[in-house]
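Listed below, chain by chain, are the residues.
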Amino acid sequence: MRNRKYFAVLLTALFLASCSSDAPADFSGFQVELRVGSALGDFCKAAIAKFNAQSPKLANGQPFQATCNPEGSGDVVTSVTTLANQLKSGTIKADDPQFPTLISVDGEIYQSQLIYQIDQLFPGQNYIPAITDAPLIANSPMVLMAQPDVAKGLQKVADPYKALVTAKTHQDIDPAGPALTVHYVQTAPTRSNSGLQTLVAQFASVSGKRPEDLSVADVQRYQADIQKVQSKVTRYGASTNSLAKAMVKNGPYWATVGSVYESSVIAANSTLPTDQTRYQAVYPKSTFSSNMRIILPNAPWVSADEKAAAKQIIDFLRTPETQKIATELGLRPGVPGVPLGDKFTAAYGVLPEPKYDSYRPPSPAVVSAMLTSWLSFAKKSSLVVVVVDSSGSMEGDKIAAVQRTLQTYVDTLGPKDQIALIDFDTEIREPVVIDGTPQGRARGQQFISNLQAEGGTHLYDAAIFARNWLRGHLRKEAINAVLILTDGNDEGSAISLEALGEELKKSGFSTDERISFFTVGYGNDGDFNKSALTQIAELNGGYFAPGNPETINRLMADLQVEF
């Protein structure tokens, strides 16, 4: 029950922070929102821009425009079910503009979850159509992404996921393979369709059963094997494409193999210099096709005009001209007869006609059991040092927004996660270590309430202090990371940026410590040194992200998924 509560609190917080629209502010017609999974996001934005350029109208002459809102597939399901729950309770009405008209998730597991959850709220109403009644827009099979020397070994084994249960190095998988430790990446199944499909495929692999034949008892029976696979995770993530690009950027010491979409391999190879080693897609004998369908709810929150507009949009998305946009982005077309184009070749690391058995989703109850098992048992644990700038420039809205965000972070800590909270200005204070227990959250609450904006910004000193503390408290078999939140430039640190960089290299992913760094520049451009924060993060396999009081909640929620 505690895990389910944690999951619900986290996803509700993400939903409330994520609603947005890119419709023109001065448009006088009505708007039709498409809320889609992240894998379909680029396609949706490009296609809808072309659709809106036609100045669409209903048969009665009423103009309308479409907007695209991409987010994680889990977030799409959560946002729609949250709104439906509010509708049932009378908190909002059916004509509330927060309701999307069209919905898409990046695969059929989350689509079945959406159907199940809405049916639980409104039994027998069939507000969400059956999977096969939702038109297919695109698809992209789940693959394992690796460099050729690693890919060759993965292609030799009958079941790569089963091999990952016991393998410590890639020579354990293939004696002719490289002597590289297996380091693996995937997205978080609670947020991302690719992560959920990966988790289900892992259970299918170790059990020898097809997903639709798995039971809740099987989840308990095989979760120890899943934990062995998860123990090799370098980092989780919210976005499949960004994880694939991070593999290319950070190299094989960071991650040797990743579970991604085929389109992610194409996207990663598309940006590589011609002289750099290409990555390859390894197609398991059985995998998910990641069918991306467009869902038009037969629900009270979709008006007759919205439904008529939605049908025009669906027809447009399935035209051969629009489908070509999908193929250019590395997605396979959802309409027969559309040519693949030149990206579905060995030059981009993929096969034009791969042969695999396409998985079907397990039951919603089994999926729920898998997510609970992952959160409480199989997920790799983490220790993250969260370094908070509490200098004088944080006074006012900034420190208040950070306090709210940190409270959400603390409230949604998983049962296997630990964080060490450090605040700094001219002085660097001792860490407050907390976890997801009531006692741990109480310590976190006290830390948050005691934050005061005053003093200078000894940023580089705080960064090295956090690294040194984490070095002395490394959590074995866990993701160890430092997350820095600052709104200013360094002022008066004893260590220089150059010296800091040399020190951080000693803890990077080519060492046994494998400490990653993430940095957030908080406030307006120019308030902080973006170049320095980027350098600090990228030296150790992390990344820099900008934030402000309006976006920090969502940003920190996305960062939390990495661990």
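Residues numbered from 1 in each chain as written. Predicted model: local features only at pLDDT ≥ 70, side-chain atom pairs only at ≥ 80, totals over all residues. Heavy atoms only, no water.

Visitor: Help me understand the packing of helix α8 (residues 193-207) against helix α14 (residues 364-378) in this model?
Guide: Two numbers describe a pair of packed helices, the interaxial angle and the distance between the axes. As a packed pair, α8 and α14 sit with axes 11 Å apart at the nearest point and diverge in direction by 95°. As judged from the angle between their axes, α8 and α14 are roughly perpendicular. Where α8 abuts α14, its residues L196, L199, V200 and F203 lie against V367, M370, L371, S373 and W374. Grouping the constituent residues of the contact of α8 with α14 by class yields 8 nonpolar, 1 polar and no charged. (Axes fitted to C-alpha atoms, helices over the stretch in contact; angles between N-to-C directions. Helix = DSSP H or I, 4+ residues; strand = E, 2+ residues; numbered from the N terminus. Parallel < 35°, antiparallel > 145°, perpendicular 65-115°, else oblique. Contact = heavy atoms within 4.5 Å. Nonpolar A, V, L, I, M, F, W, Y, C, P; charged D, E, K, R; others polar.)

Visitor: It is not clear to me how the pairing of strand β17 (residues 479-486) should be interpreted in this structure. Could you clarify?
Guide: One face of the sheet, then the other: side chains in a regular strand alternate in exactly this way. Taking burial as the measure, the 8 residues of β17 include 8 buried ones, the bulk of the element. Residue alternation in β17 divides its side chains into two sets, I479, A481, L483 and L485 and N480, V482, I484 and T486, and both sets are buried. Where strand β14 (residues 382-389) lies against β17, 7 bridges are found, and the strand directions are parallel. The partner of V388 across the bridge, within β17, is L485. Pairing between β17 and strand β18 (residues 516-522): 6 bridges, direction parallel. Note on β18: the bridge partner recorded for A481 is S516. Of the crossover connections in this fold, the one passing from β17 over helix α18 (residues 497-505) to the parallel β18 is right-handed. (Buried < 20%, exposed > 50% of the residue type's maximum accessible area, 1.4 Å probe, protein only. Pairing = 2+ DSSP bridges. Right-handed = clockwise from strand over helix to strand, strands pointing away.)

Visitor: Explain helix α13 (residues 320-328) to me, please; I cannot follow it from the model alone.
Guide: What α13 keeps buried is the set T322, Q323, I325, A326 and T327. Buried positions along α13 lie against α2 (41-52), β4 (136-139), α12 (304-317) and β12 (332-333).

Visitor: Which parts of the structure should I look at to understand the domain arrangement of the chain?
Guide: How large an interface is tends to be reported as the accessible area lost when its parts come together. When the domains of the chain are assigned, the result is domain 1 (2-138 + 292-333), domain 2 (142-290 + 345-376) and domain 3 (381-562). Computed over C-alpha atoms only, the centres of domain 1 and domain 2 are separated by 28 Å. Taken residue by residue, the interface counts 25 residues in domain 1 and 26 residues in domain 2. When domain 1 packs against domain 2, close to 2,100 Å² is buried across both sides, 59% of that on carbon and sulfur atoms. Taken together, the connections running from domain 1 to domain 2 amount to 2 salt bridges. A salt bridge links R332 to E262, with the nearest nitrogen and oxygen atoms 2.8 Å apart. Taken together, the links from domain 1 to domain 2 amount to 12 residue pairs in polar contact (both at pLDDT 80 or more). Those elements that provide at least two residues to the side of domain 1 that touches domain 2 are α1 (2-18), α3 (73-89) and α4 (108-121). The residue makeup of the side of domain 1 that touches domain 2, split by class, is 12 nonpolar, 8 polar and 5 charged. (Domains from an automatic or database assignment. Buried area = accessible area lost by both parts, 1.4 Å probe. Salt bridge = Lys/Arg side-chain N within 4 Å of Asp/Glu carboxyl O. Polar contact = N/O pair within 3.5 Å; in protein donor to acceptor, adjacent residues only side chain to side chain.)

Visitor: Explanation requested: the environment of G153 in the structure shown.
Guide: Assignment of secondary structure puts G153 in helix α5 (residues 148-156). Residue class for G153 comes out buried when judged on its relative accessible area of 4%. C-alpha of G153 to C-alpha of P175: the two residues are 22 residues apart in sequence and 8.3 Å apart in space. Those residues in contact with G153 that sit more than four places away from it in its chain are I173 and D174.

Visitor: Just checking my understanding: could you explain the sheet that holds strand β19 (residues 544-547) for this structure?
Guide: In a beta sheet, neighbouring strands are held together by backbone hydrogen bonds and run either parallel or antiparallel to one another. The mixed open sheet is built from 6 strands, whose spatial order is β16-β15-β14-β17-β18-β19. Two strands bound the open sheet, and with one partner strand each, they are β16 (432-435) and β19. This sheet shows a mean twist of 20° between the axes of neighbouring strands, independent of strand direction. Of the pairings in the sheet, the one linking β18 to β19 comprises 4 bridges and is parallel in character.

Visitor: What is the right way to look at the sheet that holds strand β3 (residues 102-104) in this model?
Guide: Pairing within the open sheet is parallel, and its 3 strands lie in the order β2-β1-β3. Only two strands of the sheet have a single neighbouring strand rather than two, namely β2 (64-71) and β3. On average, each strand axis in the sheet is tilted by 15° relative to the strand beside it, whichever way the strands run. In the sheet, strand β1 (residues 30-37) pairs with β2 via 8 bridges, with the strands oriented parallel. When the bridges of β2 are listed, R35 appears paired with N69.

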